[in-house]
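Structure assessment
If you want the building blocks of each chain, they are given just below.
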Amino acid sequence: MTDYRFESAVQLLTLCHECGLPISEVVALREEQLFGRHVQDTRRETCRRYKVMKSMVEEGLRDDIHSRSGLTQAPARKYYESASSGTVLRDPVLRNVLAYAIAANSCNACGGRIVASPTAGSSGILAGVLAAFEERIGKKVVDAILTASAVGIIAHKRAFLSGARGGCQAEIGVSAAMTAAGLAEALGGEPCQCLNAAALALKNALGLTCDPVGGLVEVPCVKRNGFFAVHACVAAELSLAGIGSFIPFDEVLDVMRQTGEMMSQALRETGLAGLAKTATAKEYFKQAEKDG
Amino acid sequence: MEPSIFDIIGPVMVGPSSSHTAACVRIGRCVRSILGAVPTKATVHFGGSFATTYRGHGSDRAMAAGLLGMGPDDPAINESLEAARQRGLELQIVADATLPGQLPVRVIVEHGDKRLDVLAESLGGGMIAIRRINDVQVDLQGEGFTVLVEHVDHPGVIAHACGVIGETGINIGSTTCRRSEKGGKALLVLELDQPVGEAVLGKLASLEDVTGVALLAPMAEASDTGV
Ligand code: SF4
């Protein structure tokens, strides 16, 4: 009997080759083997979670959405309305990627119901990209999510998935890698192209620190989801065009872990340095306290 | 631990942080299950980056919600501190730099004459581990249905407890037993393939030298109320 567990991208690729299956199917078979969940049930539950992702986008596009702190006030709506034909980005799908990812993460900042992928702070990337591509990839959104989860599983095993342990590279970076791989599969990429897309995405997010203003998950998180959603699309685009990452995904993950371990704790979700300690951030909270 | 697809694409939750909010709801919920009731008093020690960001990340709200029995995706988490006050749960928060681990939380709860002291850790992405229950080291990551049998370290208790489960025909996937010291407090952890009912838990509780029994549901299912 095939053992569908994998610890690395190399092992996952070998499994895909041996079984002649895409990553999404291998990870669904792993789920069945380890947790007794039938492939159909896994797909159904994935679909249900995608619906939550879509509701995040919808919620975040409302013009009255705002966070308790006031730092997030319908940024996606503002962009969506002012850029309806695009100033710099002329491709409507890419504009939607940007708007939807910011919307989805605004929903998180504003106390809405979300699905972490892999974390709440980075939950807008997969949601935003898939909602924007749904028209093009249709039911393959489910395959994309499954493939994304496989990348997250490897990252969890080889490194970590939290800003507190590894800085933002471990949240936004991993999320972008997951999304790039998922999108690559949904657009017809081979398993090696999916993992290559993941490598490209994470490699170019290495070193990202976690320094959110006020210890809230808003600045820089909300807009960072927008930036890295586009980043994930760029990684998938390059990979599907045959551009390889010189450093393979497993090694990039190892570097991410090492970089995270070297990172000062002040830059790992403690709010003790970086953007959190800027004059503007301090001033905002001084003012907020005064205003009660 | 082998993560499931839905540990990575999940939990479905109310934010803003999976490691600082959803994980705390789960830890609180676990503590409540072990205690067997909503505590009247809870002292929560936040370590690691919790110490400086628990307010912004809503970890205090999340802990209150979990202790009240809410799941990570319950919109009522946003108002849980108020709910705790109304339900007579006195919550005290302490920033504590002395706790071991990357993202540790220590929860001390009381209900009647019962007192429970749990050390847990947030592992990222909403996943958690329970590291210590009272004086006994454990490693619970909430994968399956878990029965905890607290007992005095005397011969025969483990056999009797396993016997009670055996009679139900439910398979025990794994067992671990740790004790604080020889003849001291011990904790038997049984991971089951299916849940057991109240009657079985009652039977376990009535065994000689057993001082407490609790059933923990798998984290992912217990939390995502929509599943
Ligand atoms: S900056 Fe920190 S809190 Fe914000 S998304 Fe990145 S890791 Fe999460």
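First, a word on what this report is: a plain description of the structure on this page.

All right, on to the pattern of salt bridges then. In the structure shown here, the tally under the stated rule is 26 salt bridges over all chains. Here Asp143(A) and Arg43(A) are joined by a salt bridge, their closest N and O atoms 2.9 Å apart. Here Asp143(A), found in helix α7 (residues 140–158), pairs with Arg43(A), found in helix α3 (residues 39–60); they are 100 residues apart in sequence, far enough to count as distant. Judged by its relative accessible area of 26%, Arg43(A) is partly exposed. In this structure, the salt-bridge partner of Arg131(B) is Asp139(B), at a minimum N-O distance of 3.0 Å. Judged by its relative accessible area of 48%, Asp139(B) is partly exposed. A single salt-bridge network, built from bridges that share partners, covers Glu7(A), Arg30(A), Lys157(A) and Glu2(B).

In this section: the sheet that holds strand β11 (residues 210–216) of chain B. All names here are of chain B. Spatially, 4 strands are ordered β9-β10-β8-β11 in an open sheet, and the strand pairing comes out antiparallel. Two strands close off the open sheet at either side, each with one partner strand: β9 (172–179) and β11. Averaged over all pairs of adjacent strands, the angle between strand axes in this sheet comes to 15°, irrespective of strand direction. Alignment of strand β8 (residues 145–152) against strand β10 (residues 185–192), held across 8 bridges, turns out to be antiparallel. Bridge pairing links phenylalanine 145 to leucine 192 in β10. Contacts between helix α6 (residues 157–168) and the sheet are confined to β8, β9, β10 and β11, with β10 contributing the most and set at about 25° to the helix. Its contacts with the sheet put helix α7 (residues 198–206) on β8 and β11, and the angle it makes with β11 is roughly 155°.

A few words now on the site of the ligand. Residues and elements named next belong to chain A. Around the ligand sit Gly121, Gly163, Cys168, Glu171, Ile172, Cys210, Val217, Cys221 and Arg224, and those are all the residues in its vicinity. Assessed atom by atom at 2 Å from the grid points, the ligand resides in the largest cavity. Classifying every residue of the shell around the ligand gives 5 nonpolar, 2 polar and 2 charged.

With that out of the way, let us pick up unusual backbone geometry. Of note, the bond from Val219(A) into Pro220(A) is cis; its omega dihedral lies within 30 degrees of zero at 10°. Mapping Pro220(A) onto the fold places it in the loop between α10 (191–203) and α11 (221–240). Along the chain, Gly10(B) connects to Pro11(B) via a cis peptide bond; the corresponding omega equals 0°. Residue position: Pro11(B) is located in the loop between α1 (5–8) and β1 (12–14). In the Ramachandran plot, Ala74(A) falls in the positive-phi region, its phi being about 45° despite a non-glycine side chain. Counting through the fold element by element, Ala74(A) comes out in the loop between α3 and α4 (75–82).

Of the residues lining the interface, 37 residues belong to chain B; the matching set on chain A comes to 52 residues. Both sides together, the interface formed by chain B and chain A hides about 3500 Å², and carbon and sulfur atoms give 59% of it. For the pair chain B and chain A, the interface holds 3 salt bridges. Its salt-bridge partner being Arg113(A), residue Asp73(B) comes within 3.3 Å of it at the nearest N-O pair. Summed over the shared surface of chain B and chain A, the number is 19 residue pairs in polar contact (both at pLDDT 80 or more). Residue assignment for the side of chain B that touches chain A shows that the elements contributing at least two residues are α1, β1, α2 (18–35) and α3 (50–53) of chain B. Per-class residue counts for the side of chain B that touches chain A are 14 nonpolar, 18 polar and 5 charged. Note: strand β1 (residues 113–115) of chain A against β1(B), 3 bridges, orientation antiparallel. Bridge pairing links Ile114(A) to Met13(B) in β1(B).

Residues and elements named next belong to chain B. Here 6 strands make up an open sheet; going across it, the order is β3-β2-β4-β5-β6-β7 and the pairing mixed. Taken across any chain shown, the strands that pair with only one partner, and hence form the sheet edges, are β3 (90–95) and β7 (136–140). In this sheet, neighbouring strand axes are inclined to one another by 20° on average, regardless of whether the strands run parallel or antiparallel. Strand direction decides the pairing type here: strand β6 (residues 127–133) and β7, joined by 3 bridges, are antiparallel. The residue bridging isoleucine 133 from the neighbouring strand is valine 136, located in β7. Those strands touched by α2 are β2 (41–46), β4 (104–111), β5 (114–124) and β6, and its axis lies near 150° from that of β5.

Each value, and the rule that gives it
- Here the residue numbering is sequential within each chain, running from 1 through the sequence in written order.
- Following the order in which they are written, the chains are lettered starting with A and the ligands numbered starting with 1.
- Totals for whole chains, interfaces and linings use every residue, but because this is a predicted model, local features are given only for residues with pLDDT of at least 70 and side-chain atom pairs only at 80 or more, for both listing and counting.
- Excluding hydrogens and water, the side-chain figures rest on all heavy atoms present in the structure.
- Salt bridge, as used here: a side-chain nitrogen of Lys or Arg that lies within 4 Å of a carboxyl oxygen of Asp or Glu.
- Working definition: helices are DSSP H or I runs of at least four residues, strands are E runs of at least two. Numbering for both runs from the N terminus.
- Residue exposure (1.4 Å probe, protein chains only): buried if accessible area is under 20% of the type maximum, exposed if over 50%, otherwise partly exposed.
- Here the rule is simple: two strands pair whenever DSSP picks up at least two bridges between them.
- Note on definitions: angles span 0 to 180 degrees between N-to-C directions of axes, and those axes are lines fitted to C-alpha atoms, for helices only across the stretch in contact.
- The contact definition used throughout considers only heavy atoms, calling two residues in contact when any of these lie within 4.5 Å.
- Throughout, the term near means that a residue has one or more heavy atoms lying within 4 Å of the molecule or strand in question.
- A 1.4 Å probe that fits into a set of points on a 1 Å grid over the protein atoms alone but cannot get out defines a cavity; an open set with protein on both sides within 12 Å along at least five of seven lines defines a pocket, and lining residues are those with an atom within 4 Å of a point.
- Any molecule with more than half of its atoms within 2 Å of a cavity's or pocket's grid points is counted as sitting in it.
- Lys, Arg, Asp and Glu make up the charged group, whereas Ala, Val, Leu, Ile, Met, Phe, Trp, Tyr, Cys and Pro make up the nonpolar group; the residues left over, Gly among them, are polar.
- Note on terms: buried area is the combined drop in 1.4 Å-probe accessible area of two parts once they are placed together, counting the loss on both.
- Any N or O atom pair separated by 3.5 Å or less is treated as a polar contact, with the protein-specific requirement of one donor-capable and one acceptor-capable atom, and with residues adjacent in sequence counted only for side-chain atom pairs.

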